[in-house]
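What follows is the residue order along each chain.
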Amino acid sequence: MKLVVQVKLMPEAEQAAALSATLRTVNEAANWVSAVAFEQGVPREYELRKHTYAELKSRGLGAQAAQHTIKKVRDAYTTLKANIKAGNLGKPGSKRRRKADSKPIAFRPEAAQPYDDRCLSWRYDAQTVSIWTTAGRIRAVRFVCSADGLKMLREHRQGESDLVERDGVFYLIATCEVPEEKQCEPDGFIGVDLGIVNIATTSTGYQAAGRDLNRRRKRHGDLREKLQRKGTESARRLLKKRSRREQRHVSNTNHVIAKTIVTEAERTSAGIALEDLGGIRQRVRLRRPQRVMLHSWAFAQLGEFIAYKARRAGVPVVHVDPAYTSQTCCECGHVDKKNRVDQALFICRNCGVVAHADRNASHNVAQRGAVVWNAGRESRVPATP
């Protein structure tokens, strides 16, 4: 399976200037290619190359850089077409869809640029890279990363790496092809109930409270609102300095939760059952104060982290229908809206069992996970002669 390792480049002043100029040049060229593709009705990559390759070479791009720029533009239009087909940009005729479909795709000056092994080489022992730029190839550009990241680069790096600039800092995002462990036959399932008050609650007793994360999110939101309202130069500098800080904290929290759940499943030879919450933002109707919390809820990211960590460990993962899991008694199966007394308390109106609401829901998710797994299992019944 494909994973990425992000390394931070530590270039000298002249090297940084060359990298910055390169990104701006290739993205300016990508905007021109995008305009040509839009005018030509977005032809296939080979046809688009015939219209644009010579001009890109005259703009100072190397052969590989020109090829990657054309491919980057064509891939962007492929993604746009897929999003339109899936309805991610609204219904036909909606303002958002018309806006996306009525003009060429634009690339930011510091947008990522792909590199392959012909224009980027790694020196792992020295922790340096040699990279193509519009000013010529620059060598011995230092990079830093974690020990685990460096080990993964040594053993599994394959394919392209993306050069990207964020707030004046350069990063290389390298693709690694990591072998998957053979999936085990699960001895039961760990159900994971996802939520906002409690980020994740498992049927084995683990609970990740969301109180700290929600407080931090509110604090960041209030500070952003205050600085944006102030509007001074120093306020803008502080906003830029604090940008993506909340996002990084949420990602780190989700990584920790996912690792804890997968480690427990691996230790007990169990599978993991997750709720399929796709489209919940479109289905749920909330008051204005609650919308911010719902749309800040990173349940999809947590699900992705659990899925890829489970694949590396050989732990099966299934997704189940979450309907009525919070209203169903995990002991007797009685379904009643009144069973859910409040956010934390569950009392079954049929058998009288009292439980934590999220814990009860996680047991229901685990039971549904076992049903889904058995339904998809290959039959071992002998064929009828």
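Up top is the structure these notes are about.
Residues numbered from 1 in each chain as written. Predicted model: local features only at pLDDT ≥ 70, side-chain atom pairs only at ≥ 80, totals over all residues. Heavy atoms only, no water.

**Points about the pattern of salt bridges**
Counted by the stated rule, this structure contains 18 salt bridges. The closest approach of N and O atoms between Glu45 and Arg49, which form a salt bridge, is 2.8 Å. One end of the pair is Glu45 and the other is Arg49, both in helix α2 (residues 45-58) and four residues apart, which spans about a single turn. It is possible to trace a salt-bridge network through shared partners that takes in Arg217, Arg224 and Glu246. (Salt bridge = Lys/Arg side-chain N within 4 Å of Asp/Glu carboxyl O. Helix = DSSP H or I, 4+ residues; strand = E, 2+ residues; numbered from the N terminus.)

**Side note on unusual backbone geometry**
Despite not being glycine, Asp167 shows a phi value in the positive range, around 50°. Mapped onto the elements of the fold, Asp167 is located in the loop between β6 (157-166) and β7 (169-177). Of note, Tyr324 is a non-glycine position whose phi angle comes to about 65°, a positive value. Position of Tyr324 relative to the elements: it lies in the loop between β12 (317-320) and β13 (345-347).

**Some thoughts on the pairing of β12**
Residue alternation in β12 divides its side chains into a buried set, Val318 and Val320, and an unburied set, Val317 and His319. Note: strand β11 (residues 271-275) against β12, four bridges, orientation parallel. What sits directly across from Ala273, in β12, is Val318. (Buried < 20%, exposed > 50% of the residue type's maximum accessible area, 1.4 Å probe, protein only. Pairing = 2+ DSSP bridges.)

**Regarding the sheet that holds strand β1 (residues 2-10)**
The strand order β2-β6-β7-β1-β5-β4-β3 describes an open sheet built from seven strands, whose pairing is antiparallel. Edge positions in the sheet fall to β2 (113-115) and β3 (120-123), since each has one partner strand and no second. In this sheet, adjacent strand axes meet at a mean angle of 35° when their direction is disregarded. Bridge analysis of β1 against strand β5 (residues 138-144) gives three bridges, and the strand direction is antiparallel. Each residue of the ladder has a partner; that of Leu9, found in β5, is Phe143. (Axes fitted to C-alpha atoms, helices over the stretch in contact; angles between N-to-C directions.)

**What about the packing of α2 against helix α3 (residues 63-86)?**
For the pair α2 and α3, interaxial distance at closest approach is 10 Å and the crossing angle is 135°. Compared by their axis directions, α2 and α3 come out oblique. The chirality of how α2 crosses α3 is right-handed. Along its contact with α2, which presents Glu45, Leu48, Arg49, Thr52, Tyr53, Leu56 and Lys57, the element α3 presents Ala63, Ala66, Gln67, Thr69, Ile70, Lys71 and Arg74. (Parallel < 35°, antiparallel > 145°, perpendicular 65-115°, else oblique. Left-handed = near helix turned anticlockwise from the far one by under 90°. Contact = heavy atoms within 4.5 Å.)

**Description of the pairing of β6**
Sheet topology places β2 next to β6; three bridges connect them, and they run antiparallel. Within β6, the position partnered with Pro114 by the bridge is Asp162. Here β6 runs beside β7; their pairing, made up of seven bridges, is antiparallel. Bridging across to β7, Leu163 finds its partner in Leu172. Between β6 and β7, which pair antiparallel and follow one another directly, the connecting turn spans two residues, one of which, Asp167, has a positive phi of 50°.

**Structural notes on the nonpolar core**
Among the nonpolar cores identified, the biggest contains 47 residues, and Leu9, Trp122, Val129, Ile131, Leu153, Leu163 and Leu172 are the most heavily contacted of them. Every residue in contact with Trp122, bar those within four places of it in the chain, is listed here: Val7, Thr128, Val129, Phe143, Leu153, Arg157, Ser161, Leu172 and Ala174. Listed in part, the 24 residues of the second largest apolar core include Leu194, Leu213, Trp297 and Phe299. (Core = buried A, V, L, I, M, F, W, Y, C linked by side-chain atoms within 4.5 Å.)

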